[in-house]
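# Structural description and commentary
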Amino acid sequence: MRAKVELRKEVVQYLRRECHDAERAEFYERLDSLRSDPLKDTEALVDVKLSRYVLRFFRFGRHLAVFQWDAARESIIVRECRR
């Protein structure tokens, strides 16, 4: 089953402001591929400012997308994008 995806408002704003069209396209392609296997080709990240739990991230263009994988709800929550 493919995971549901939730983008925080800040992520959508970041994509509009900081990324050009090719980077946005790469972001959505990567995100779509993660829906079937959220842990494939991602790395763990600990950032207590965002969450007390271990988060994951993937790279797109010159940016990182930080997300939380909720296995119980089969949901990917993209919490932040950064350079």
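Throughout what follows, the structure given in this document is the object of discussion.

Scoring rules and cut-offs
Residues numbered from 1 in each chain as written. Predicted model: local features only at pLDDT ≥ 70, side-chain atom pairs only at ≥ 80, totals over all residues. Heavy atoms only, no water. Axes fitted to C-alpha atoms, helices over the stretch in contact; angles between N-to-C directions. Helix = DSSP H or I, 4+ residues; strand = E, 2+ residues; numbered from the N terminus. Left-handed = near helix turned anticlockwise from the far one by under 90°. Contact = heavy atoms within 4.5 Å. Nonpolar A, V, L, I, M, F, W, Y, C, P; charged D, E, K, R; others polar. Buried < 20%, exposed > 50% of the residue type's maximum accessible area, 1.4 Å probe, protein only. Pairing = 2+ DSSP bridges. Polar contact = N/O pair within 3.5 Å; in protein donor to acceptor, adjacent residues only side chain to side chain. Patch = residues over 30% accessible without salt bridge, like charges linked within 9 Å, V, L, I, M, F, W, Y side chains within 5 Å. Areas by Shrake-Rupley, 256 points an atom, 1.4 Å probe, with all protein chains shown as cover. Salt bridge = Lys/Arg side-chain N within 4 Å of Asp/Glu carboxyl O.

This paragraph deals with the packing of helix H1 (residues 9-18) against helix H2 (residues 21-34). Relative to each other, H1 and H2 sit at 145°, their axes nearing to 9 Å. Pair H1 / H2 crosses with right-handed handedness. Between H1, through Val11, Leu15, Arg16 and Glu18, and H2, the contact on the second element is made entirely by Glu23, Arg24, Phe27 and Tyr28. Split by residue class, the contact of H1 with H2 holds four nonpolar, no polar and four charged.

Of all the eight residues making up strand E5 (residues 75-82), six are buried; the element is thus mostly covered by neighbouring parts of the structure. Both strand E1 (residues 4-7) and E5 contribute to a ladder of four bridges, which runs parallel. Counterpart to Leu7 in the pairing with E5 is Val78. Two strands pair when backbone bridges link them, and strand E4 (residues 63-70) and E5 are joined in this way by seven bridges, in the antiparallel orientation.

Turning to the environment of Arg2, a few remarks are in order. Tracing the backbone through its elements, the reader meets Arg2 in the segment before E1. In this structure Arg2 comes out as partly exposed when scored by relative accessible area, which is 37%. Measuring from C-alpha to C-alpha, the distance between Arg2 and Ala65 comes to 19 Å, with 63 residues separating the pair along the chain. Polar contacts involving the side chain of Arg2 include one to the side chain of Asp32, which spans 2.4 Å.

On the surface, Val46, Val48 and Val54 cluster together into a nonpolar patch covering about 330 Å² of accessible area. Residue placement: Val54 occurs in the loop between strand E2 (43-45) and strand E3 (55-60). Look at Val54 and you get exposed, because its relative accessible area is 53%.

Our next topic: the sheet that holds E4. Strand order in this open sheet of five strands is E1-E5-E4-E3-E2, and the pairing throughout is mixed. The sheet is open, and its two edges are formed by E1 and E2, each paired on a single side. If you compare each strand with its neighbour and ignore which way they point, the axes differ by 35° on average. Bridge count between E3 and E4: five bridges; the pairing is antiparallel. Paired with Phe60 across the bridge in E4 is His63. Packed on one face of the sheet, H1 meets E1, E3, E4 and E5 and runs near 45° to E5. Sheet strands in contact with H2 are E1, E3, E4 and E5, and its direction is about 135° off that of E3.

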